[in-house]
Amino acid sequence: MKAVFQDHAGVRHEVDLATTAMIGSAADVAIRLPAEQDFPGHLLRVVRGRRGITVEPLSQRIPIFLDERPLTAPMPLANGNTLRFGAVQLSYLGEGSLADFPPPEPARPAAASTTPSPQPPSEAKAPQTTATGSGFVTSGKCVLGREENQVDVRLDHPTVARRHAELDISETRVRVRDLGTDQGTFVNGERISGWVELKTNDRVDIGPFTIRIGGDQVSHASSGAPTVSVQGVCRIVGGGKSILNDVSLQIPANTFVAIIGPSGSGKSTLLKAVSAREPASRGVVNVNGTSLYGNFRSLKESIAFVPQQEVLHNELSLRDALRYTARLRLPRDSTRADIDECIGAALERVELTPQLSTRISHLSGGQRKRASLASEIIARPSLLFLDEVTSGLDDLSDWEVMKLCRGLSEDQMTVLCVTHNLTNVLDFCHRLVVLAPPGELAYFGPAKDALCYFKVDKLADIYRRLNEKPGHEWKADFLASANDTPDTAEALAAVDNPEAAQTRHVGLTRAGHQLWVLMQRNLRKLLADHRTTISATIQSAMIAVLISVAFGGNLDSPAEQSTMLFLASVSVFWIGCNFAAKEIVRELPIFVQERNTNLSVTSYLGAKFATNVIFNTFQVAVVVAGILLLCELPGDLRYQIPLLLLTNSVGVAMGLLLSAASQTQAQATTLVPLVLIPQIVFSGAIIPELPELVNLVAESTVSVYWSLDGLQAALQEQHSETRWAGSMLGMHLGVLILAAWLALLTKGRSAA
């Protein structure tokens with residue numbers, strides 16, 4: 001008895017079931033798999049018994065799926081079932097011989113005419129869908145998405161919306177449109193809006209799924225773990241200095257690759273180039289044969305990057321931190337149950353489920369690294385990059401992280417990791433990249449073969465060997481042996497002028513959604529940080545007490561009244577500026593990380609401003625209430641209080657600008673007095689008659705000048721002057737917010 005399988009390339013295989021048939025990379029199997037993809041010798045067993053034909057997994061290292069469901073035990077095969085592992089797909093056609101399953105007639109191109117003469121595109125025959133393999137049957141309009149009961153073709157992945165896209169197939173054409181999703185629908189790497197007509201060989205990307213238009217067939221498939229091809233990658237910095245020189249790699253799917261080398265060898269530079277975080281100056285990076293730089297917008301949803309810095313807020317619990325991350329990255333139509341399911345799956349994969357309710361600051365160092373990893377795999381990426389995530393960890397924590405990475409690589413993911421800790425590399429990594437300064441490829445191949453190649457007994461001795469000769473000589477030696485290294489031989493040619501990574505697209509609706517989520521997160525952080533809230537409240541109360549005590553509880557003269565208004569104005573400006581000056585810079589790694597995943601700068605800055613204004617409104621209320629209780633605030637409170645709140649808001653905007661422009665918290669804190677001193681000196685309170693030029697500068701740049709002017713006008717019941725001062729403060733507020741936005745945009749460019 002025989003059976004017939006067809007692979008993803010259309011090749012059919014006849015399997016003799018008189019005895020047990022094997023599928024794998026060994027020489028004695030019925031269906032031999034590509035050796036370069038690191039499949040085990042015997043991956044599957046096919047047997048014919050009383051239950052019919054069954055298939056049994058023989059390896060736990062390579063995830064196997066039967067019709068998109070994990071295959072973990074022997075299961076019966078039915079005609080049309082599809083087996084998928086790595087980048088390989090096998091469809092079971094049925095029992096019989098090859099003669100019983102004749103190949104289909106050659107497909108006719110979609111735009112081909114039935115006559116030798118050319119045919120206009122509008123009259124071309126549209127591709128017809130089929131039900132074989134991973135294709136689908138449809139006619140007319142067909143909705144694609146993840147919600148089983150609302151779509152015609154289900155694309156089961158958290159980054160796919162419930163109703164994501166729609167195909168319109170007729171006798172003359174095939175069209176596609178996006179259904180207003182945040183993640184978008186892409187045709188040949190370009191995001192679409194409205195209906196787009198498709199041609200033969202066009203590629204439609206929806207999350208990790210690719211729909212291909214080929215001849216008479218429209219089919220879809222999940223990319224699974226991708227292969228990565230790096231060709232001639234170079235990185236040149238200021239002055240023409242090269243820090244990465246012509247590196248070429250061919251990385252199979254479901255592979256865990258470690259990148260090692262001494263300081264200055266370009267490890268992080270290579271990782272950022274391959275992940276498109278900082279695109280190479282020259283060379284090409286392909287993911288499953290598609291240019292990453294040229295199609296970054298359509299591919300980035302499947303890519304995750306874990307930096308060395310921690311990227312979760314210490315004030316939040318692990319559950320809350322991951323929930324906000326999921327709400328920012330997953331489609332807006334994801335329900336609470338959808339989000340919790342993704343969080344649960346991510347925590348289970350990193351073995352942190354028992355710590356779900358634990359505050360981030362209370363986790364151990366190794367647990368925080370795994371928590372950062374969990375936040376990056378919530379959206380189930382297929383390509384994962386880790387930049388020195390085990391630095392500073394003890395041997396046990398390093399072992400745990402490396403073990404997790406190996407497990408992820410065996411579960412529909414390709415993983416690349418830069419590491420300085422070599423203890424567990426040989427135990428868990430499939431491939432090893434060794435770089436020599438300055439950015440020269442000294443070795444790429446099976447991890448365990450590196451010891452033999454460098455003639456050392458342990459990995460740490462490789463660094464000693466690299467010092468024996470210049471990096472370019474190590475590279476020449478390796479390239480001389482590259483013909484015997486299949487992973488590298490296919491990727492040796494350099495390509496000039498790679499396409500730049502494409503810019504982000506954040507729609508207005510998604511920006512509004514991000515603004516709301518970020519405001520909730522910021523408020524949750526404030527409520528969780530009791531120490532900061534209490535100290536800020538005490539600080540505001542102390543300011544009110546000191547000001548009131550200084551006047552002895554009475555304001556007997558116009559000069560004292562003016563001084564009171566000046567002190568109140570400077571105080572609320574300083575309160576807003578001082579608190580906001582640390583808001584952005586202290587979480588800069590988190591901002592950059594979220595910017596890499598399509599965070600809107602406008603949403604981020606807007607949420608920071610709104611949250612700080614809400615918090616500072618309470619602080620201003622404490623100051624004003626204290627002054628009113630212990631002394632008095634001269635003038636009409638209907639005008640004075642709004643002006644003080646507006647002054648505080650301008651202070652918040654100034655603080656956010658300082659924070660966005662600073663590199664460290666210490667730098668931001670140092671800048672606050674430098675900003676506050678001109679507000680005091682040029683406000684007009686200490687020196688009433690400023691020189692004409694100085695007065696012009698004060699009117700243009702000193703916010704407290706207009707705050708005091710408006711408060712004094714309200715005291716004298718000159719309300720038109722008060723409104724004019726308020727409008728000038730509003731203008732200062734707008735300019736400062738715009739400057740902070742530009743500073744943040746500059747910081748986020750590395751994430752483009």
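As the structure is a prediction and not an experimental result, all values here were calculated from the model. (Residues numbered from 1 in each chain as written. Predicted model: local features only at pLDDT ≥ 70, side-chain atom pairs only at ≥ 80, totals over all residues. Heavy atoms only, no water.)

Comments concerning the overall build of the protein chain
At step 1: Each helix and strand in the protein chain was counted, giving 21 helices and 31 strands.
At step 2: Summing over all exposed atoms, the protein chain offers an accessible surface of approximately 31,900 Å²; the carbon and sulfur share of this is 55%. (Helix = DSSP H or I, 4+ residues; strand = E, 2+ residues; numbered from the N terminus. Areas by Shrake-Rupley, 256 points an atom, 1.4 Å probe, with all protein chains shown as cover.)

Brief notes about empty space enclosed by the protein
At step 1: Taken as a whole, this structure holds eight cavities of 30 Å³ or more when the rule is applied.
At step 2: Put simply, the largest cavity is a space of about 200 Å³.
At step 3: Around the largest cavity, the lining is made up of 15 residues, and of these Lys-300, Glu-301, Ile-303, Arg-329 and Thr-597 lie nearest the centre.
At step 4: Contributions of two or more residues to the lining of the largest cavity are made by β27 (303–306) and α5 (365–376).
At step 5: If you add up the space inside the second largest cavity, you get close to 100 Å³.
At step 6: Around the second largest cavity, the lining residues are Glu-315, Asn-522, Lys-525, Leu-526, Asp-529, Thr-532, Phe-579, Glu-583, Arg-586, Thr-611, Asn-612 and Phe-615. (1 Å grid on protein atoms, 1.4 Å probe; cavity = no way out; pocket = protein on both sides within 12 Å on 5 of 7 lines; lining within 4 Å. Points joined across faces, edges and corners; volume = space filled by probe spheres on them.)

A closer look at the sheet that holds strand β25 (residues 282–287)
Strand pairing in a sheet relies on backbone hydrogen bonds, with the paired strands running either antiparallel or parallel.
At step 1: One open sheet holds the four strands; their spatial order is β23-β22-β25-β26, and the pairing between them is antiparallel. Single-partner strands in this sheet number two, and they are β23 (241–251) and β26 (290–291).
At step 2: Pairing of strand β22 (residues 228–237) with β23 involves seven bridges; the strand directions are antiparallel. Among the inter-strand pairings, Val-228 is bridged to a residue of β23, identified as Ile-251.
At step 3: Sheet strands in contact with helix α1 (residues 267–274) are β22, β23 and β25, and its direction is about 60 degrees off that of β23. (Pairing = 2+ DSSP bridges. Contact = heavy atoms within 4.5 Å. Axes fitted to C-alpha atoms, helices over the stretch in contact; angles between N-to-C directions.)

What to know about the confidence of the model for the protein chain
In low-pLDDT regions, the fine details of the predicted coordinates are not to be read closely.
At step 1: Averaged over every residue, the pLDDT of the protein chain is 85; residues scoring 70 or more account for 89%.
At step 2: This stretch, residues 106–137, has a pLDDT under 50; its non-local contacts, to residues over four places away or in other chains, come to 71 contacts.
At step 3: Every residue in residues 489–503 is under pLDDT 50, and counting partners more than four places away or in other chains gives 44 contacts. (pLDDT = per-residue confidence, 0-100.)

Points about the pairing of strand β5 (residues 44–49)
At step 1: Here strand β3 (residues 21–24) runs beside β5; their pairing, made up of three bridges, is antiparallel. Opposite Ile-23, over in β5, you have Leu-44 as the bridge partner.
At step 2: Bridging between β5 and strand β6 (residues 52–57) involves six bridges; their strand directions are antiparallel. In the strand pairing of β6, Arg-45 is matched with Glu-56.

So, the pattern of salt bridges
At step 1: For the coordinates displayed, the defined rule picks out 36 salt bridges.
At step 2: Salt-bridge contacts for Glu-587 lead to Lys-525; the nearest nitrogen and oxygen are separated by 2.8 Å. Residue Glu-587 is found in the loop between α14 (558–580) and α15 (588–596), and its partner Lys-525 is found in helix α12 (residues 508–528); the two are separated by 62 residues along the sequence. Each member of the pair Glu-587 and Lys-525 is classed as buried.
At step 3: One salt bridge in this structure joins Lys-608 and Glu-583, with 3.4 Å as the shortest N-O distance. (Salt bridge = Lys/Arg side-chain N within 4 Å of Asp/Glu carboxyl O. Buried < 20%, exposed > 50% of the residue type's maximum accessible area, 1.4 Å probe, protein only.)

Topic: the sheet that holds strand β12 (residues 140–145)
At step 1: Within the open sheet, the five strands sit side by side as β13-β12-β14-β15-β18. Their pairing is mixed. Each edge of the sheet is formed by a strand with only one pairing partner; in this case those strands are β13 (153–154) and β18 (196–198).

A few points about helix α13 (residues 530–550)
At step 1: Taking 1.5 Å as the rise per residue, α13 with 21 residues should run 30 Å; its terminal C-alpha atoms sit 30 Å apart, in good agreement.
At step 2: All of the buried residues in α13 are Ala-536, Ser-540, Ile-543, Ala-544, Ile-547 and Ser-548. Down the axis of α13, the smallest arc covering the buried residues is 125 degrees, so these residues share one side. Set apart from the buried face of α13 by more than 90 degrees, the exposed residues are His-530, Arg-531, Ile-534, Leu-546, Val-549 and Ala-550.
At step 3: Looking at the buried side of α13, the elements it contacts are α14 and α16 (601–630). (Expected span 1.5 Å × (residues − 1). Arc of directions from axis to C-beta.)

Here we look at the packing of helix α3 (residues 318–329) against α5
At step 1: Contact geometry for α3 and α5: axes closest at 9 Å, N-to-C directions at 25 degrees. Classified by the interaxial angle, the pair formed by α3 and α5 is roughly parallel. The way α3 lies across α5 gives a crossing that is right-handed. On α5, the residues that touch Leu-318, Leu-322, Thr-325 and Arg-329 of α3 are Ala-371, Ala-374, Ser-375 and Glu-376.
At step 2: Partitioned by chemical class, the residues of the contact of α3 with α5 number four nonpolar, two polar and two charged. (Parallel < 35°, antiparallel > 145°, perpendicular 65-115°, else oblique. Left-handed = near helix turned anticlockwise from the far one by under 90°. Nonpolar A, V, L, I, M, F, W, Y, C, P; charged D, E, K, R; others polar.)

Some thoughts on the packing of aromatic side chains
Any two aromatic rings considered together are summarised by their centre-to-centre distance and by the angle between their planes.
At step 1: Within the structure shown, the criterion is met by twelve aromatic pairs.
At step 2: Relative to Tyr-453, the ring of Tyr-443 has its centre 5.2 Å away and its plane inclined at 40 degrees; by these criteria the two rings are tilted. Of this pair, Tyr-443 sits in strand β31 (residues 440–446) while Tyr-453 sits in helix α8 (residues 449–454), and the two are ten residues apart along the sequence.
At step 3: Owing to a relative accessible area of 5%, Tyr-443 belongs among the buried residues under this scheme.
At step 4: Taking relative accessible area as the criterion, Tyr-453 reaches 24% and is therefore assigned partly exposed. (Phe/Tyr/Trp six-rings, centres within 6.5 Å; stacked < 30°, edge-to-face > 60°.)

Regarding the environment of Asp-152
At step 1: For Asp-152, the position within the fold is in the loop between β12 and β13.
At step 2: Expressed as a C-alpha distance, the spacing of Asp-152 and Lys-141, which sit eleven residues apart in the sequence, is 9.0 Å.
At step 3: Residues in contact with Asp-152, not counting those within four places in the same chain, are Lys-141, Cys-142 and Val-143.
At step 4: Separated by 2.8 Å, the side chain of Asp-152 and the backbone nitrogen of Val-143 make a polar contact. (Polar contact = N/O pair within 3.5 Å; in protein donor to acceptor, adjacent residues only side chain to side chain.)

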